[in-house]
Amino acid sequence: MNPRLTRRRFIKSVIFSGAALSSGAGFYLASAQSRQAGAVERLVSLNINGRTRRVDVMPQETLAHTLRYKLGLTGTKIGCNRGECGSCTVTIDDVTHYSCSTLTHSVKGKEVVTIEGLRSESGALHPVQQAFIDELSPQCGFCTPGQIMSTVALLKTNPRPTREEARQALSGNLCRCGAYDHYLNGVMRASGQLS
Amino acid sequence: MPAFDNMPDMELYQPVQIDDALALAARLADRGWLVGGGQDTYGWIKDRNKRPDALIDLNGIESLRGIREIADGIEIGALTTLTEVATNPIVRERYSLLSKAASVVASPQIRNAGTLAGNVAQDVRCWYYRRGLDCYRAGGNLCYADTPEAQNREHAIFNASRCVAVTPSDTGPALVALEAQMVITSQRGQRVVPADRFFVGPDVDIENTTVLRDGEILTAVRIPAKWAGAEFYYEKVADRNVWDFALVSIAGAMRIEGGNIVASSIVCGAVQCTPRRLSSVERAIQGRPRNEATATMVAGMASQGARPLNQNAFKMPLMDNLVTKLLTA
Amino acid sequence: MTYKLIGKNFTPPDIEGKVTGDARYAEDFRKEGMVFARLLTSPLPAGRIVSIDYSEALAMEGVVGILTTEDLPQPAAPANPSLASEEITYLGQPILAIAAVTEQIAENALEKIRIEFERRPFVVDPLDTLVEGGPNPYPKGNTLVRNAVAAAAGTTQSGTDVAEIKWPRDAINAFRAGRDPGPSVPWGNEWEFGELEAEFAQCTSIVEEPFVTIGQSHHALESRTGMAYWENGRCFFYGSLQSHTIGIAPLAGMLGIDAANLVFINENTGGGFGGKIFPYPIMAVTGHLARKINRPVQLRITREEEFYIGHARAGMQGWLKLGLKADGKVGAVDMIVIGDAGSGGGASGPGAANFVSLMLQPDAMRFRGVSLYTNTAPRAAQRGPGENEMATALSPILDKAIRQAGFDPVQVRIQNAPDSSGTIGPQRGALTGSWFPQAIAQGAEMFNWEERKQLSGRRNGTKVTGVGVGMGYHSAGASGYDGLLRIGTDGKLYLHTGVGNLGTYSYAAVVRAAAEVLKVDWENCEIVRGDSSLHLPFSTFQAGSNTMFTEVRTNNVAALDAVRKLKQIAATDLGGEADEFDIDGERVFRISNPSQALTYAQAAQRAVELGGEYSGETYPEDLNPVTSRSVQALAGTGLIGVAKDPRHTGTVPSMTVGFMEIELDTLTGKYEIVDYACVADCGTIIHPMGFSQSMRGGGVWGVGLAGYERLVYDTQNGLPANVGLYQAKIPTYLDVPLVTRHGATEVPDPQSPVGSRGVGEPSQGCACAALASAISDALGGHHFARAPITADMIINQVAQLDHFNTGNLKTNTF
């Protein structure tokens, strides 16, 4: 039998149409299944970048997914979705975590900060952001938000790290471009050790 | 074979009391999956190679966190993060072997989330198994890694039994060396298992690397005072210095009196499915100084009896070399 | 030469977005009604599809549509089809895409699809298909041949076909054992210059060594995700390419539309490294699926899929015979490369051979090669394809010959390195200019080679010191593209560029050449880029380290065109001849009386009024259609500077030398890179911090190629072992030196208006070569014959367990 004919038999002429399921965060609600007994409440309040956000979260949903697809915070990047690169690094109560490997439901009641949450109220860049500009730290930029979040967390506990301490602290952030030197220069500048 | 990347639908339970967690663990049994740091959870589930119906997130149970002194040593809550184990002053002062081991796990972010319990309970890294193949460990009836053509550089050189995967845990060898006690709780009560019996090889159980059974939760790890403040040596040899699992690791505790080793506990990681205690080396160095001559005397002893696969013979000299480094550091 | 902008650091306009998270990559764009697609990929390394049943998947709630190969134009093998059917040639090859309102639903739907496959024999080691009776990766054969056939409609590849080439088993056995396979085997590519045997006869130190290099995955951190939607027959495509406007025509071709109906938006690209130079097959899936279901579609590519379809370096299994004469001159080189092109793509043997011919300037050389397919991930150019893996293979072999003869490794490299009279390849082509011997000497001084080489073999406990030197090269220039700029009636200089934003900031560095010529303050310049609806010129591809040379030329000719027009307008308005006028301070003025002047704003206003070529209503006929359309759209909005760059002559050589000191623990096979210093001969440095990034980033890549990164396939089932980042062993912060140093000769290239050449690729080659040499040096000159050199290989060598691993000359298996 001609395999192409075999396959064609299965092609549907009518494509499923879902106008109600279309855009924005709405489709998650629309496609949600009813809550199973005993499971977590799906509608939760999250503290993201100092603001309380009400969001519908699937039980198994990762924080990276919530940030990027529910809250529009696309500065947090998904480089591997397996905890192997660090592009999705955010801070949770000032500690760095891979948001691709964090359940959103586990951050209820905690303070999540993403790259979008670093600017001051007036819109000024965070000193780490400015230092990374000054040192031309990013290359392609895809890992940069994660590198910055790790640096911000480091400087909160260790305001004047040595270069060695800095590279240990940032070591969970892979940079495929190999901009490690420039990132470390950025850390040193942000901590006032380069002028 | 789609490259799945999304967590499929499942329930999530977030108990805040240990009793509730134990009840859930008992009720859900093999349909449930305990989540501590979750760092060896989401990959399995995103790949859809493991598919529990429900996650039981233990992070809300405060009693499972923290490091406290007990009559004989210290007790570390199962959910204590690896970062905390690595930086805790008591652990660093008395059991630097463990803090060192915890400090070289994976990456900073994984240590910030990953727990001590998760590090010892994590599944093996055999890449054939992780790819979802139907090997012995996955319930099938063959091993893809133990063949003449297989890519088995990271696999076992000792005690293979159908499966040739190795223990991936960095803290496991340290805990075995420190003769830690693993506190396992279930609705039926509590049992305390010595670390060296906590880990099990494929000859005992082909599908599980520990004695933990459905309904049980590893709630704490106790480190006895026996080795507190001893001389320690830990080294992990991995390809990269971040993220990678050990090619071989060594964890050793030694008591030295009058210039001689009077007691030692030396364990290798990543050479078999469980941390491997180097008993023959321990016996041979008993009563001898920790020096080059003793190292020379025991050269080759650690790897005796190894049965390498086609690509992992290097683990034999590496084991022996790490014993040398332990004795000459 | 004193410049205002060239050679100065600046803040590229896109960098703020990178540090704030505002920079948008393809995956960050959303569109009303957007749906999410996921791929079904092949579980087999070779075979065909007998039947697909996706009825159940399509009936699921939330599933919107499906795309299979039947919806797409079919390219002929070895062109990589976007979706496979009749010829599945690698595991992970996309078969169909399914769109749903969420990714999760799309994945749930994938689980409901039933496919019946027919298996075919497969091969992961190129020698297994080269041997008589060995399976062919494609039904038609195992090697690429060039022909003149045009690409099938709607596809991009042309001029290639699959043929078969086989060797007798004895020849394969000899080659597997590291020897010349003998005179009677067929080759796909052969060339020779000089009197090979006669020159070898004059050599006093001859070495013969096999070598194997593997095909590391590109693994750009941003995978090749795309988003597309259609409006009134026009496709809006958000993609991730290294290049920009050079990709428009091929992408439009893949989508079956006129290039004028494609809007290609690509503001940022999260790395490419050669894997995203031109539109790649999966982009057709995104575009066609969006059209088929008439919805915006985001097709996100996962990390595992990026391994499958994101390309890898070609692998090499080779053999090299090299002879030094009594005075240290390289007399002859005989070289064989069996290249592994994976499933589609080309192997890199010819580039590797050209590299050797340039770096050593031998009196005679022969190259023999075969490019073979295997049922592994498709290969593509990767950062110095051919050159950098050959640099890694060559360096310890050259050192062995040098050691045997008792020479100094640096002196021999200086002695043989090309100067401006050097030649490259079998045609012995000329160079635009080379000051590489000086570069090596400069590097030796920076590294303090004379003292540091004394440290070779020094023991410190279980550790031993090794020092190494390595050389990198890539041709770094093209020509013939278009430059386009506009002086607005607001007086600002709008620098239009079709250069992609792959992370080097070259798009910004090169347009500064136009600002320099027009003497405009950088604050009054605006770069227009990243979105073809902004009217961009046809620019070069961002690969081959060529942008810094090529696009400085285009910006220069566009700026000179604008200067000419400024002077003509001034002459028209103020009287006299154009050559009586000059420019400065953003004014065009009469040289004899500078108060008679037009500001650029005034001149732009006059250009609009005068029309014609001044405002882009007419333009040169030789422009690329992409540029022509852009000029048409810009016509009447200011003074337009536009021109096609004439051709340059000769190879533009960008070359680097690297010096490394390592301390290697002989008991663990691990080493610390104590110092790394490198020097480039890449002309004028036009953006010092960008240069620094290239040299340092290339250094990290060098450590990866020579020391860590792997490509592992199981020969039993064709399954790749390292689809993820952790298994790919990409170097981390803790695997590379804490501090590195670099310098440059800064001798201008004669054929670049400001003397610049790129250096992105050679910056890796010198590092991997230096590391390979340093490891060999630490171990008394042992030649591993394989890259990467991993800890297990070192442990085995020290333990003299050479019958394991290190003697195993196979690609794709470590």
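Residues numbered from 1 in each chain as written. Chains lettered and ligands numbered in written order. Predicted model: local features only at pLDDT ≥ 70, side-chain atom pairs only at ≥ 80, totals over all residues.

1. Side note on the sheet that holds strand β11 (residues 260-269) of chain B
All names here are of chain B. So the rule is basically this: Strands qualify as paired when DSSP identifies two bridges or more between them. Runs of E in the DSSP output that reach at least two residues are strands. Runs of H or I that reach at least four are helices, and both are numbered from the N terminus. What counts as a contact here is a pair of residues whose C-beta atoms, placed from the backbone, lie within 7 Å. Where helices are involved, their axes are fitted lines through C-alpha atoms of the stretch in contact, as for all axes, and angles between N-to-C directions lie from 0 to 180°.
Read across the sheet, 4 strands follow the order β9-β10-β11-β12 without closing on themselves; strand pairing throughout is antiparallel. Each edge of the sheet is formed by a strand with only one pairing partner; in this case those strands are β9 (231-237) and β12 (276-277). Pairing geometry for strand β10 (residues 248-257) and β11, over 9 bridges, is antiparallel. The residue of β11 that forms the bridge with A253 is S265. Along the sheet, helix α13 (residues 315-328) makes contact with β9, β10 and β11, crossing β10 at roughly 30°.

2. Quick look at the domain arrangement of chain A
Residue and element names in this part refer to chain A. Rule in force here: An automatic or database domain assignment is the source of the domain bounds shown. Three categories are distinguished: nonpolar for Ala, Val, Leu, Ile, Met, Phe, Trp, Tyr, Cys and Pro, charged for Asp, Glu, Lys and Arg, and polar for the others, with Gly belonging to the last.
We note that the domain assignment places domain 1 (42-117) and domain 2 (127-190) within chain A. For domain 1 versus domain 2, the separation of C-alpha centres amounts to 21 Å. Listed by partner, the interface residues are 15 residues for domain 1 and 13 residues for domain 2. Among the secondary structure elements, those contributing two or more residues to the side of domain 1 that touches domain 2 are β3 (89-92) and β4 (95-98). Of the residues contributing to the side of domain 1 that touches domain 2, the split by class is 5 nonpolar, 8 polar and 2 charged.

3. Re the interface of chain A and chain C
Listed per partner, the contact involves 52 residues of chain A and 60 residues of chain C. Those elements that place two or more of their residues in the side of chain A that touches chain C are α1 (3-8), α2 (26-31), α4 (127-134), α5 (144-157), α6 (163-169) and α7 (180-190) of chain A. Class assignment for the residues of the side of chain A that touches chain C results in 24 nonpolar, 17 polar and 11 charged.

4. With respect to the packing of α4 of chain A against α5 of chain A
All names here are of chain A. Rules: Our angle categories are set so that under 35 degrees counts as roughly parallel, over 145 as roughly antiparallel, 65 to 115 as roughly perpendicular, and the remainder as oblique. Take the far helix as your reference; a near helix turned counterclockwise from it by less than a right angle gives a left-handed crossing, and one turned clockwise gives a right-handed crossing.
Packing of α4 against α5 brings their axes to within 10 Å, and their N-to-C directions diverge by 125°. Our classification of the angle between α4 and α5 gives oblique. The two elements α4 and α5 meet at a crossing, and its hand is right-handed. Contacts between α4 and α5 involve V128, Q129 and F132 from the former and T144, I148, T151, V152 and L155 from the latter.

5. Some remarks on the packing of helix α16 (residues 547-574) of chain C against helix α17 (residues 600-610) of chain C
Residue and element names in this part refer to chain C. Orientation of α16 relative to α17, taken along the N-to-C sense of each, is 80°, at an axis distance of 10 Å. Considering their axes alone, α16 and α17 lie roughly perpendicular with respect to each other. Here K565, L566, I569, A570 and D573 of α16 lie close against α17, whose contacting residues are A603, R606, A607 and L610. Along the lines of polarity and charge, the residues of the contact of α16 with α17 split into 6 nonpolar, no polar and 3 charged.

6. Considering the interface of chain C and chain B
Of the residues lining the interface, 42 residues belong to chain C; the matching set on chain B comes to 30 residues. When contributions to the side of chain C that touches chain B are tallied by element, the ones reaching two or more residues are β1 (35-41), α3 (103-110), α9 (303-309), α20 (725-728) and α22 (791-798) of chain C. Examining the composition of the side of chain C that touches chain B, we find that 5 residues originate from one element, α3 of chain C, more than from any other. The class makeup of the residues in the side of chain C that touches chain B is 18 nonpolar, 14 polar and 10 charged.

7. A few points about the nonpolar core
The condition is simple: We call a set of buried Ala, Val, Leu, Ile, Met, Phe, Trp, Tyr and Cys residues a nonpolar core when their C-beta atoms link them within 7 Å. A residue is called partly exposed when the number of other C-beta atoms within 10 Å of its own lies between 12 and 20, exposed at 12 or fewer, and buried at 20 or more, with C-beta atoms placed from the backbone.
With 431 residues, the main nonpolar core has I56 of chain B together with I98 and A99 of chain C as its most contacted residues. Top contributing element to this core by residue count: α16 of chain C, with 11 residues. In this view, A99 of chain C contacts V35, F36, A37, V64, G65, A106, L289, I293 and V297 of chain C; residues no more than four positions away in its chain are not counted.

8. A word on the domain arrangement of chain C
Residues and elements named next belong to chain C. Each domain of chain C was delimited in the assignment, giving domain 1 (24-122 + 220-309), domain 2 (189-216 + 313-419 + 432-476 + 650-798) and domain 3 (482-494 + 501-523 + 541-644). On a C-alpha basis, the centroid separation for the pair domain 1 and domain 2 is 36 Å. In this complex, domain 1 contributes 18 residues to the contact, which on the side of domain 2 involves 19 residues. Classifying every residue of the side of domain 1 that touches domain 2 gives 11 nonpolar, 5 polar and 2 charged.

9. A look at helix α7 (residues 248-255) of chain C
Residue and element names in this part refer to chain C. Counting buried residues in α7 gives 6 out of 8 residues, a clear majority hidden from the surface. Taken as a whole, α7 has its buried residues at I248, L251, A252, G253, M254 and L255. Each element contacted by the buried residues of α7 is listed here: β11 (234-238), β12 (262-265), α8 (282-293) and α18 (625-634). After α7 finishes, the residue G256 shows a positive phi value of roughly 70°.

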